[in-house]
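# Observations on the model geometry
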Amino acid sequence: MAAAGDGPWLDDAAGRLVRPFTVSNGRTRPTVALDLLSQVMATGATPLGYLGPEHTQALDLCRAPVSVAEVAAHLKLPAAVTKVLLSDLVDCGALTTKPPEFHHNPTDRALLEAVLDGLRRQL
C-alpha cells in the first residue's frame, strides 16, 4: 500500500517500486550543467511530448525558484537522476535555470582554513 502523498512509486513495506535510474531511462548525464545550488523555475510553457510522473512532480515543485538539491529531496531521488529530469524540462522550455551566486570567493584560503578548523574540532 502506498504511503499518503507518495503516489504509486513508493510502498510502505517495499520502499521504492521503480529504480531511480529507470526514471531517467538509464541516463546519468544531464544535457544542461546544473549545480546542486542552481535555481530552477517553471517558465509557464507547456512541455511538448511525454512527461513521466517524476517530470510532472518536478515541474510542480518549480512554480517558485527552488534549488536542484531541494527538488531532489522532495522527489526522494538521487541528485544525478534529478539533474537529468530537470535538464529534460529545461530542454523542452518548461524550466529556466540560474547558476548559484557566490558572494565571496569559494576558494578563499581563510574560509577553507576556518572550515578545516571546524571539522577538526568535531573529531
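All chains use their own residue numbering, which begins from 1 and follows the written sequence. For this predicted model, a pLDDT threshold of at least 70 governs which residues receive local features, and a threshold of 80 or more governs which side-chain atom pairs are given and counted, while totals over whole chains, interfaces and linings are taken from all residues. Calculated side-chain values reflect all of the structure's heavy atoms, with hydrogen atoms and water omitted.

## Description of the nonpolar core
Nonpolar core, defined: a set of buried Ala, Val, Leu, Ile, Met, Phe, Trp, Tyr and Cys residues in which side-chain atoms within 4.5 Å join the residues together. Burial classes: relative accessible area under 20% of the type maximum marks a residue as buried, over 50% as exposed, and values in between as partly exposed (1.4 Å probe, protein chains only). Ranked by internal contacts, the top residues of the largest apolar core, which has 18 residues, are Val40, Cys62, Val71, Leu86, Leu89 and Leu95. When contributions to this core are tallied by element, the ones reaching two or more residues are helix 2 (53-61), helix 3 (68-75) and helix 4 (79-91). Among the elements that line this core, the one with the most residues is helix 4, at five residues. Contact criterion: two residues are considered in contact whenever any of their non-hydrogen atoms come within 4.5 Å of each other. Sequence-distant contacts of Leu86, defined by excluding residues within four places in its chain, comprise Leu34, Val40, Ala58, Cys62, Val68, Val71 and Leu95. Segments assigned H or I by DSSP are reported as helices when at least four residues long, segments assigned E as strands when at least two residues long, and all are numbered from the N terminus.

## Brief notes about the pairing of strand 3 (residues 39-42)
By this definition, two strands are paired if DSSP reports at least two bridges between them. Bridging between strand 3 and strand 4 (residues 66-67) involves two bridges; their strand directions are antiparallel. Considered in strand 4, the bridge of Val40 is made with Val66. Pairing between strand 3 and strand 5 (residues 95-98): four bridges, direction antiparallel. Within the sheet, the bridge partner assigned to Met41 lies in strand 5 and is Thr96.

## Describing the confidence of the model for the protein chain
Low pLDDT marks stretches whose predicted atomic positions should not be read closely. pLDDT gives the predictor's per-residue confidence on a scale running from 0 to 100. A residue-level look at the protein chain finds 72% of positions with pLDDT of 70 or above and a mean pLDDT of 79. Per-residue pLDDT, averaged within each element of the protein chain, yields its smallest value for strand 2 (residues 15-16) (48) and its largest for strand 3 (95). Within the model, pLDDT remains below 50 along residues 1-6, and this stretch shows nine contacts once partners closer than five positions in the same chain are excluded.

## Things to note about the sheet that holds strand 3
Within a sheet, each strand pairs with its neighbour through backbone hydrogen bonds, oriented either parallel or antiparallel. The antiparallel open sheet is built from three strands, whose spatial order is 4-3-5. Of all the strands in the sheet, just strand 4 and strand 5 have a single pairing partner and so form its edges.

## Focus: the packing of helix 3 against helix 4
Angles shown run from 0 to 180 degrees and are taken between the N-to-C directions of axes, each axis being a line fitted to C-alpha atoms and, for helices, limited to the stretch in contact. It is the contact of helix 3 with helix 4, at a shortest axis distance of 9 Å, that shows an interaxial angle of 110°. Accordingly, the angle class assigned to the pair helix 3 and helix 4 is roughly perpendicular. Together, Val68, Val71, Ala72 and Leu75 of helix 3 and Ala79, Thr82, Lys83, Leu85 and Leu86 of helix 4 make up the contact between the two elements. Residues that form the contact of helix 3 with helix 4 fall into these classes: seven nonpolar, one polar and one charged. Orientation is classified from the angle alone, with under 35 degrees giving roughly parallel, over 145 giving roughly antiparallel, 65 to 115 giving roughly perpendicular, and any other angle giving oblique. Residue type decides the class: Asp, Glu, Lys and Arg count as charged, Ala, Val, Leu, Ile, Met, Phe, Trp, Tyr, Cys and Pro as nonpolar, and the leftover types, Gly among them, as polar.

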